[in-house]
Amino acid sequence: MPIINISVTGKPDATLSAEIAREITEITAKQLRKDPTITAVAVSYVDPRHWFAGGKSLAEHGTNTFWLDIKVVDGTNTKLELEAYLKALFDAFGRLLGGVHDESYAFVHEVPAAAYGYGGKTQEFRFISGRLKAA
């Protein structure tokens, strides 16, 4: 159920967006145990002349970069899982974008289950409903 927002340097490319969405969804399923059938990914592009790291544009650096922002329910992943996830993301974007600047970022927001959901229902509601059905 995570929502993943990704920004990358470059010109909009539907094929690359589909590759990014597929690979990041797979990594998220494997490393964080998130259901890929309800994972949402939005990819946006920024001209490398307008993305700066260390005071220089990525065009000047001659590299690419990414920013990944994912929301997950608090307490559903361990520190080791998050560490493995971040490593897998950097490796994937290195392959997908052809080398990424060290100043590329991923941010995992762990949010309360009562404040996060989809389809008009919170994750807390889904958890409680599931427990009641199991009882």
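Everything numeric in this text was worked out from a predicted model, so none of it was measured.

A contiguous nonpolar surface patch, about 290 Å² in accessible area, is contributed by W67, Y105 and F107. Looking at the element boundaries, Y105 is found in strand 6 (residues 105-111). Look at Y105 and you get partly exposed, because its relative accessible area is 43%.

Attention now goes to the packing of aromatic side chains. As enumerated under the stated definition, the model contains 3 aromatic pairs in all. Between F66 and F90, the ring centres sit 5.0 Å apart and the planes meet at 65 degrees, which makes this aromatic pair edge-to-face. Of this pair, F66 sits in strand 5 (residues 66-73) while F90 sits in helix 3 (residues 79-97), and the two are 24 residues apart along the sequence. Under the relative-accessibility criterion, F66 is labelled buried at 0%. Taking relative accessible area as the criterion, F90 reaches 29% and is therefore assigned partly exposed. Their ring planes at 20 degrees and their centres at 6.5 Å tell us that W67 and F107 sit as a pair that is stacked. Of the two residues, W67 sits in strand 5 while F107 sits in strand 6, which places them 40 residues apart along the sequence. Taken together, F66, F90 and F93 form an aromatic cluster joined through their ring pairs. Seen from the ring of Y118, R126 lies directly overhead, with NZ or CZ sitting 3.8 Å from the centre.

Analysis parameters
- Residues numbered from 1 in each chain as written.
- Predicted model: local features only at pLDDT ≥ 70, side-chain atom pairs only at ≥ 80, totals over all residues.
- Heavy atoms only, no water.
- Patch = residues over 30% accessible without salt bridge, like charges linked within 9 Å, V, L, I, M, F, W, Y side chains within 5 Å.
- Areas by Shrake-Rupley, 256 points an atom, 1.4 Å probe, with all protein chains shown as cover.
- Salt bridge = Lys/Arg side-chain N within 4 Å of Asp/Glu carboxyl O.
- Helix = DSSP H or I, 4+ residues; strand = E, 2+ residues; numbered from the N terminus.
- Buried < 20%, exposed > 50% of the residue type's maximum accessible area, 1.4 Å probe, protein only.
- Phe/Tyr/Trp six-rings, centres within 6.5 Å; stacked < 30°, edge-to-face > 60°.
- Lys NZ or Arg CZ within 6 Å of the ring centre and 35° of its normal.

Keep in mind these numbers describe shape, not what the thing actually does.
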